[in-house]
Amino acid sequence: MVLRFIEVIGDKTISTISSFFEALKFTSICLIHMAKPASYNPAMRMVLTKQIYFTAVGIIPLFTTMAVLFGSVIIGVVIALATEYGLQDEIGSIIITFVIDEFSPFFTALLISLRSGTAVNTEIAVMNVNQELNTLRQYNIDLIDYLFLPRIISGMISVVSLSILFAVIILSSGYLFTLFYMNMDFHTYKYLLINAIEVKDLVVLLLKSMAFGFVTMLIPIYSGLKTTSAYTAIPISVLNGMVKLFVALFFIEVLSLLLQSL
Amino acid sequence: MLENIALIKEVHEHMPTKKAQEEAKESLKKIELENIGLNRLNQCNSYEVFCVCFIRALMTKESDVIIVTPFHLIDNLRNIKTIISIVEKLQVKKNILILDTISNEIHYKDSSCNIVK
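Residues numbered from 1 in each chain as written. Chains lettered and ligands numbered in written order. Predicted model: local features only at pLDDT ≥ 70, side-chain atom pairs only at ≥ 80, totals over all residues. Heavy atoms only, no water.

J.: Provide a residue-level description of the overall build of chain B, including the pertinent values.
T.: The secondary structure content of chain B amounts to 5 helices and 2 strands. In terms of overall size, chain B behaves like a compact globule, its C-alpha atoms giving a radius of gyration of 15 Å where 117 residues would be expected to give roughly 13 Å. The C-alpha extent of chain B, read off along each of the three principal axes, is 45 × 30 × 20 Å. Residues counted as buried form 42% of the 117 residues belonging to chain B. Of the contacts formed within chain B by residues at least 6 apart in sequence, a portion of 65% connects residues at least 24 apart. Total accessible area on chain B is roughly 7300 Å²; 50% of this is exposed by carbon and sulfur atoms. Positive and negative charge centroids in chain B, built from 16 and 16 side chains respectively, lie 2 Å apart. (Helix = DSSP H or I, 4+ residues; strand = E, 2+ residues; numbered from the N terminus. Rg over C-alpha atoms; globule rule 2.2 N^0.38 Å. Buried < 20%, exposed > 50% of the residue type's maximum accessible area, 1.4 Å probe, protein only. Contact = heavy atoms within 4.5 Å. Areas by Shrake-Rupley, 256 points an atom, 1.4 Å probe, with all protein chains shown as cover. Lys, Arg positive; Asp, Glu negative; His and termini not counted. Charge placed at Lys NZ, Arg CZ, Asp CG, Glu CD.)

J.: Help me get a handle on the environment of Arg-137 of chain A, residues and values and all.
T.: Residue and element names in this part refer to chain A. The residue Arg-137 is located in helix 5 (residues 132-138) in this model. Looking at Arg-137, the relative accessible area reads 42%, which means it is partly exposed. Along the backbone, Arg-137 and Gly-224 are 87 residues apart, and their C-alpha atoms lie at a distance of 16 Å. Beyond its immediate chain neighbours, meaning those up to four positions away, Arg-137 contacts Leu-143 and Leu-225. Polar side-chain contacts of Arg-137 include one of 2.7 Å to the side chain of Asn-134. (Polar contact = N/O pair within 3.5 Å; in protein donor to acceptor, adjacent residues only side chain to side chain.)

J.: Account for a nonpolar patch on the surface, naming residues and giving values.
T.: Residue and element names in this part refer to chain A. Among the surface-exposed residues, Met-1, Val-2, Phe-5, Ile-6 and Ile-9 lie close enough to one another that they form a single nonpolar patch of about 610 Å² accessible area. In this fold, Met-1 is placed in the segment before helix 1 (2-35). On the basis of relative accessibility, which here comes to 89%, the residue Met-1 falls in the exposed class. (Patch = residues over 30% accessible without salt bridge, like charges linked within 9 Å, V, L, I, M, F, W, Y side chains within 5 Å. Salt bridge = Lys/Arg side-chain N within 4 Å of Asp/Glu carboxyl O.)

J.: Before we move on, can you summarise the packing of helix 4 (residues 91-129) of chain A against helix 8 (residues 199-225) of chain A with the specific residues and values?
T.: Residue and element names in this part refer to chain A. Where helix 4 contacts helix 8, the axes come no closer than 8 Å and their chain directions differ by 20 degrees. Put simply, helix 4 runs roughly parallel to helix 8. The handedness of the crossing between helix 4 and helix 8 is right-handed. A class-by-class count of the residues in the contact of helix 4 with helix 8 yields 16 nonpolar, 10 polar and 5 charged. (Axes fitted to C-alpha atoms, helices over the stretch in contact; angles between N-to-C directions. Parallel < 35°, antiparallel > 145°, perpendicular 65-115°, else oblique. Left-handed = near helix turned anticlockwise from the far one by under 90°. Nonpolar A, V, L, I, M, F, W, Y, C, P; charged D, E, K, R; others polar.)

J.: Describe the interface of chain A and chain B, listing the residues and the values that go with them.
T.: Across the contact, 12 residues belong to chain A and 14 residues belong to chain B. Summing the contributions of chain A and of chain B, the shared interface buries around 1000 Å²; its carbon and sulfur component is 65%. Our count for the chain A to chain B interface comes out at 1 salt bridge. Here Glu-3 of chain B makes a salt bridge to Lys-50 of chain A, at a shortest N to O gap of 2.7 Å. The tally of links from chain A across to chain B stands at 4 residue pairs in polar contact (both at pLDDT 80 or more). Of all the secondary structure elements, the ones that give two or more residues to the side of chain A that touches chain B are helix 2 (42-57) and helix 5 of chain A. (Buried area = accessible area lost by both parts, 1.4 Å probe.)

J.: Mind laying out the nonpolar core, listing which residues take part and the relevant values?
T.: Core analysis: the biggest nonpolar cluster contains 103 residues, and Ile-95, Phe-148 and Ile-152 of chain A together with Phe-54 of chain B have the highest contact counts within it. Per-element tally for this core: the top contributor is helix 6 (residues 143-182) of chain A, with 18 residues. Not counting the four nearest positions on each side in its chain, Phe-54 of chain B is found in contact with Val-65, Ile-67, Ile-86, Val-87, Leu-90, Val-92 and Ile-96 of chain B. (Core = buried A, V, L, I, M, F, W, Y, C linked by side-chain atoms within 4.5 Å.)

J.: Any chance you could break down the layout of surface pockets for me, citing the residues and the numbers?
T.: Residue and element names in this part refer to chain A. Roughly 910 Å³ of volume is contained in the second largest pocket. Taken together, 26 residues make up the lining of the second largest pocket; nearest its centre are Phe-20, Ala-23, Ile-219, Tyr-222 and Lys-244. Those elements that place two or more of their residues in the lining of the second largest pocket are helix 1, helix 8 and helix 9 (233-261). Here the lining of the second largest pocket gets 9 residues from one element, more than from any other, and that element is helix 9. Of the residues assigned to the lining of the second largest pocket, the class counts are 15 nonpolar, 8 polar and 3 charged. (1 Å grid on protein atoms, 1.4 Å probe; cavity = no way out; pocket = protein on both sides within 12 Å on 5 of 7 lines; lining within 4 Å. Points joined across faces, edges and corners; volume = space filled by probe spheres on them.)

J.: Any details on the pattern of salt bridges? Residues and values, ideally.
T.: Residues and elements named next belong to chain A. With the rule as written, the count across this model stands at 10 salt bridges over all chains. With a closest N to O distance of 2.9 Å, Arg-151 and Glu-123 form a salt bridge. You can see Arg-151 sitting in helix 6 and its partner Glu-123 sitting in helix 4, a full 28 residues away along the chain. Residue classification places Arg-151 among the buried positions, given a relative accessible area of 4%. Residue Glu-123 is classed as partly exposed on the basis of its relative accessible area, which comes to 31%. The network of salt bridges with common partners includes Asp-101, Lys-200 and Asp-201.

J.: Mind laying out the packing of helix 2 of chain A against helix 6 of chain A, listing which residues take part and the relevant values?
T.: Residue and element names in this part refer to chain A. Axis separation between helix 2 and helix 6 bottoms out at 8 Å; the angle between their running directions is 40 degrees. Relative to helix 6, the element helix 2 lies oblique. For helix 2 against helix 6, the interelement crossing comes out right-handed. In this structure, helix 2 uses Ala-43, Met-44, Val-47, Leu-48, Gln-51, Ile-52, Thr-55 and Ala-56 to contact helix 6, whose residues at the interface are Asp-145, Tyr-146, Leu-149, Pro-150, Arg-151, Ile-153, Ser-154, Ile-157, Ser-158 and Leu-162. Here the residues of the contact of helix 2 with helix 6 sort into 12 nonpolar, 4 polar and 2 charged.

So, to be careful, I would describe these as geometric facts and stop short of saying anything about function.
Given below as C-alpha cells:
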C-alpha cells in the first residue's frame, strides 16, 4: 500500500518535471526561431500582419470601452482612497505605480488571453485533430515559423501597444477624478505625473507587457499542440491551456512585484 | 485557396506573396477554376479541393507527384480522364503517379496511363 503510494507520487513527479522541461524546450526553440532572420519569410510576415490585426486592432472598440468604464472607476477609487488617507502629496507616484507598473499590463493581458488566447488554443487544437499540422510538416513547412512565431510576436506587440493605450486612457480619466476630488487643474496634474514617472516605470511596463504577450500566445499554442486526435479533446485542451495561462500570468505579476521590491 | 497554393513558394523559395499568388491564380485559370481563388475550404467541392491540393503539390521542388486513390478523393468521379485532363491543362513537367486499388481498375480503361500491377 505504502509502496504503491510512493510509486504514484514518483510517477506524478517524473511526469510533471518532464512536461515542465518539454515546455521549457518548446519555449527555447520558439525564442531561437524568433532570433533567426530566416524565420521571417513572406508567408510568415503575411500571417503576422493578419494576427496583429485580429489581436490588436479588432479589439480596440471593446478595449477602449472597457478601459474607460472599468479603468475610470478603479482609478477613481484609488484617488478617493489616497485622498481619504491624506496621501495627496504622493498621488502622482501612486497613480503612476498603479496604472503603468501594475494595472495596465495585467488588465490588457487578461483581456487578450480571454479573447485571443482561447481562439489560438482552439485553432491549433482543431488543426492538430484535422491533421492539418501533419500536412504542413509533409510539405516541409516549419510550424514554428509559419504558425507559432507570428502568433507569439503579434501577442507581444498587441499587449505592449494596448497596455500603453490603456495607461493613456486611465491617466486621462485620472485627471477627471483629481479635478473632482482635489480641484486640481490640468497643468498641475500633468506636472504631477511628469515628476512622478521614471524610466524604470516605462521599462517595467514594456518588459512586463512583452512577457505577458509571450505567454498569452505560447501557452495556448503549446496546449493546442498537445491535443490528442479527437474532437472531444479540444474543449479539454482549451480548458487546460487557459488554466495554465492564468497561472503563468499571476506568476509573472508576482515575480515582477518581487523584483520591484528588491 | 490562393494563399494555400502560394504558401509553398513563399516558404521554400521566399517568393513575395503577391508573385506567389499570381502564379497560383494562373494555375487555377488553366483549369477554369479561377473563381475559387478566394474561397475557403468549406466553400469548395471535392473536385476543387483536389485540384488545389494537386497544384500545391506541383509547386514543390519534388520531381514526382503521387495521387493516392483519386476515386475516393473526388465525389462522383467516373473516369481517370478527368485527372489526366487536369494534368494536361496544367502542362505538368513532373512525373505523376497514381496509386489505386485493383477494384478501381475499370475506371482506367482506355486511358493513356501506363498501368503497372
